[in-house]
Protein chains: 2
Amino acid sequence: MKKIGILGGLAWPSTVEYYQTICRLSQQWHTGKSFTGPTPMPEFSIESLNVNYSVNNWGTTNHDQSWQQWDTYMNSGLKRLQTSGADFAIIASNTPHNRLRTISVGIDIPIIDIFSAIAELCKQNDIEEFLLLGTAPTINQPNYSGQLKAHGINSIVPNEQDKKIVFDLIRQLYTGNFKGADSTLMALVQRTFSRSYNLKPVVCLACTELPLAFPYLKDQAIFEHDGVTYINTAVAHAEAAFRYAVEDHSSEHRN
Amino acid sequence: MKKIGILGGLAWPSTVEYYQTICRLSQQWHTGKSFTGPTPMPEFSIESLNVNYSVNNWGTTNHDQSWQQWDTYMNSGLKRLQTSGADFAIIASNTPHNRLRTISVGIDIPIIDIFSAIAELCKQNDIEEFLLLGTAPTINQPNYSGQLKAHGINSIVPNEQDKKIVFDLIRQLYTGNFKGADSTLMALVQRTFSRSYNLKPVVCLACTELPLAFPYLKDQAIFEHDGVTYINTAVAHAEAAFRYAVEDHSSEHRN
């Protein structure tokens, strides 16, 4: 298995989710296979950053200048993963994918991005359009939706009032408070699709906190709830990373 | 906060436990403090090793020669943490602490060891003696108990038959199967203390899987259950690491 680099901490519950998902996938993948000792696991390097520093240094516009300090912070983390011998990297968070082009400058290992993982899942499930929910950079700036568009996926976003509700919900979920989160989210989704009645109700939870609103469904890459299809981008991305890790078995470990 | 290095993956559920515990401690520690944005978190570098390679390369004797390959595997992981800028390191597992002297050769950053964390907790709770449960290297070889002895703690181990039960229990818990684990463990503890009736019933769960036998108590460094005091070494160690991380605030982040 390839060594997996994870740029994490953005925020930490997502890093736990990615790491656990990949380890469980390794457990499943090895079931019935022959080996001695405890179930083999891929090696990981994880750089868990300070989410406070990250959010406080978000750019205020879509211009590179505005994001310079933040870009450097992410890029340095990716460089450390590379130095630690990761064969490839994933960024365990949606928001940094808005700046994928700038933060991956000088990184020589492959970065398995979240857009390809979402696109793959959408293709398997005949999804071409969805409601995109996430942090301010993800739903207000054109980068994220633009990358999805390049994969043939059209995304709509909530109205301004509902955007604020989404941002508040993300803050609430980050503190570990899940109370009422599912009904807030479901009401928002119903409102949006009642305005866009010709759309198949599919929601892309493009912030790794959002699936925490549905604690019993949060381990699935795609799930149905109350007539709506939800995409858990964290699980879809972690699954894509594990598939990539097992494509080649030349580096079981490195000393 | 200092940047925390974690040598993990031995096994992965313990790494989750350490990381979560430290992040929750940061959440608590910042409560009521003034800051802008999401709650600050320490930065982490985590090197998650392959537990299969580790266990398959355990030494068969207590001689350095027998552990050479394993020592190198651990030492390289610690070196990568240092290179990634960790200000100090912890090893998120009891077993490697048996070889702390050899695996920390050439490591210049402090390693906050599990023995000091256990000793601190024992001091606070007037504990001078306990039943030590863990993997084969931990309870069969003199290193681990010797380090505790140096901290003034006397440890007893189960008889040969019960040792096997402990090893089987650890394997079971590692696969995520907690069924009946609590009663198996409690019966073993009762048997041992009924033979050593003059001892205060205190058990040191010196394998980070063992607390998983008590899912509702596993987040506490020390807890009572059915008249027995249990020490959760993983939580005690994670708490010690967080205390060390906040002792100095000169490096909130590094680029």
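Residues numbered from 1 in each chain as written. Chains lettered and ligands numbered in written order. Predicted model: local features only at pLDDT ≥ 70, side-chain atom pairs only at ≥ 80, totals over all residues. Heavy atoms only, no water.

Moving on, we get to the interface of chain A and chain B. A common way to express how large an interface is: the accessible area buried when the components associate. Taken together, the contact between chain A and chain B spans 43 residues of the former and 43 residues of the latter. For the pair chain A and chain B, the summed buried surface comes to about 3600 Å²; carbon and sulfur atoms form 54% of the total. Counting across the interface, chain A meets chain B through two salt bridges. Lys-3 of chain B is the salt-bridge partner of Glu-47 of chain A, the closest N and O atoms lying 2.7 Å from each other. Contributing elements (two or more residues each) for the side of chain A that touches chain B: α1 (12-30), β2 (44-48), α2 (51-56) and α3 (68-83) of chain A. (Contact = heavy atoms within 4.5 Å. Buried area = accessible area lost by both parts, 1.4 Å probe. Salt bridge = Lys/Arg side-chain N within 4 Å of Asp/Glu carboxyl O. Helix = DSSP H or I, 4+ residues; strand = E, 2+ residues; numbered from the N terminus.)

This paragraph deals with the packing of helix α8 (residues 160-174) of chain B against helix α9 (residues 181-195) of chain B. For any two helices packed against each other, one specifies the inter-axial angle together with the distance between the axes. All names here are of chain B. Between α8 and α9, the shortest axis-to-axis distance is 11 Å and the interhelical angle comes to 160°. One finds that α8 runs roughly antiparallel with respect to α9. Remark: the crossing between α8 and α9 carries left-handed chirality. The residues of α9 that touch α8, namely those facing Asp-162, Ile-165, Val-166, Leu-169, Gln-172 and Leu-173, are Ala-181, Thr-184, Leu-185, Leu-188, Arg-191, Thr-192 and Arg-195. Class assignment for the residues of the contact of α8 with α9 results in seven nonpolar, three polar and three charged. (Axes fitted to C-alpha atoms, helices over the stretch in contact; angles between N-to-C directions. Parallel < 35°, antiparallel > 145°, perpendicular 65-115°, else oblique. Left-handed = near helix turned anticlockwise from the far one by under 90°. Nonpolar A, V, L, I, M, F, W, Y, C, P; charged D, E, K, R; others polar.)

Here we take up the confidence of the model for chain A. For chain A, per-residue confidence averages 93 on the pLDDT scale, and residues scoring 70 or more make up 97% of the total. Scoring the predicted complex yields pTM 0.91 and, for the interface, ipTM 0.90. (pLDDT = per-residue confidence, 0-100.)

What follows covers the packing of aromatic side chains. Per the counting criterion, the structure on display carries 20 aromatic pairs over all chains. With a centroid separation of 5.6 Å and an interplanar angle of 70°, the aromatic rings of Phe-214 of chain A and Phe-223 of chain A are classed as edge-to-face. A single burial state applies to Phe-214 of chain A and to Phe-223 of chain A, both of which are buried. Ring geometry for Trp-67 of chain B versus Trp-70 of chain B: centroids 5.1 Å apart, planes at 80°, classification edge-to-face. Each member of the pair Trp-67 of chain B and Trp-70 of chain B is classed as buried. An aromatic cluster of three or more residues is present, and its members are Trp-12 of chain A together with Tyr-19 and Phe-44 of chain B. (Phe/Tyr/Trp six-rings, centres within 6.5 Å; stacked < 30°, edge-to-face > 60°. Buried < 20%, exposed > 50% of the residue type's maximum accessible area, 1.4 Å probe, protein only.)

Residue placement: Lys-3 of chain B occurs in the segment before β1 (4-8). Residue class for Lys-3 of chain B comes out buried when judged on its relative accessible area of 1%. Here Glu-47 of chain A takes part through its side chain, which lies 2.7 Å from a polar atom of the side chain of Lys-3 of chain B. At 3.0 Å, the side chain of Lys-3 of chain B forms a polar contact with the backbone oxygen of Ser-84 of chain B. (Polar contact = N/O pair within 3.5 Å; in protein donor to acceptor, adjacent residues only side chain to side chain.)

On to the packing of helix α5 (residues 114-124) of chain A against helix α10 (residues 233-246) of chain A, then. All names here are of chain A. Orientation of α5 relative to α10, taken along the N-to-C sense of each, is 100°, at an axis distance of 8 Å. One element, α5, and the other, α10, form an angle in the roughly perpendicular class. Contacts from Ile-114, Ala-117, Ile-118, Glu-120 and Leu-121 in α5 reach Thr-233, Ala-236, His-237, Ala-240 and Arg-243 in α10. Residues that form the contact of α5 with α10 fall into these classes: six nonpolar, two polar and two charged.

The next thing to look at is the relation of the copies chain A and chain B. Superposition of the two copies of the chain requires a rotation about an axis and a shift along the axis. The two copies are related by a screw operation: chain A maps onto chain B through 180° of rotation and 0.0 Å of translation along the axis, at an RMSD of 0.0 Å. Taken together, the rotation and translation describe the operation of a two-fold axis. Using C-alpha coordinates, one finds that chain A approaches the rotation axis most closely at Ile-46 of chain A, a distance of 2.4 Å. Interface residue correspondence from chain A to chain B reaches 100%, placing this contact among same-surface, isologous pairings. (Least-squares fit on C-alpha atoms with pLDDT ≥ 70 in both.)

All names here are of chain A. Here the amide bond leading from Leu-10 into Ala-11 is cis, since omega sits at 0°, within 30 degrees of zero. Mapped onto the elements, Ala-11 comes out in the loop between β1 (4-8) and α1. Backbone geometry places Asp-126, a non-glycine residue, at a positive phi of 50°. Note that Asp-126 resides in the loop between α5 and β4 (129-133). Even without glycine at this site, Asp-226 takes up a positive phi of about 55°. The class of Asp-226 is exposed, set by a relative accessible area of 52%.

Let us look at the sheet that holds strand β7 (residues 222-225) of chain B. Residues and elements named next belong to chain B. One open sheet holds the five strands; their spatial order is β5-β4-β6-β8-β7, and the pairing between them is mixed. On the outer flanks of this sheet lie β5 (154-156) and β7, each paired with one strand and no other. Neighbour-to-neighbour, the strand axes of the sheet open up by a mean angle of 35°, direction not taken into account. Bridge count for strand β6 (residues 202-205) against strand β8 (residues 228-232) is four bridges, and the pairing is parallel. Counted as the bridge partner of Cys-204 is Ile-231 from β8. Relative to the sheet, helix α10 (residues 233-246) contacts β6 and β8, its axis offset from that of β8 by approximately 50°. (Pairing = 2+ DSSP bridges.)

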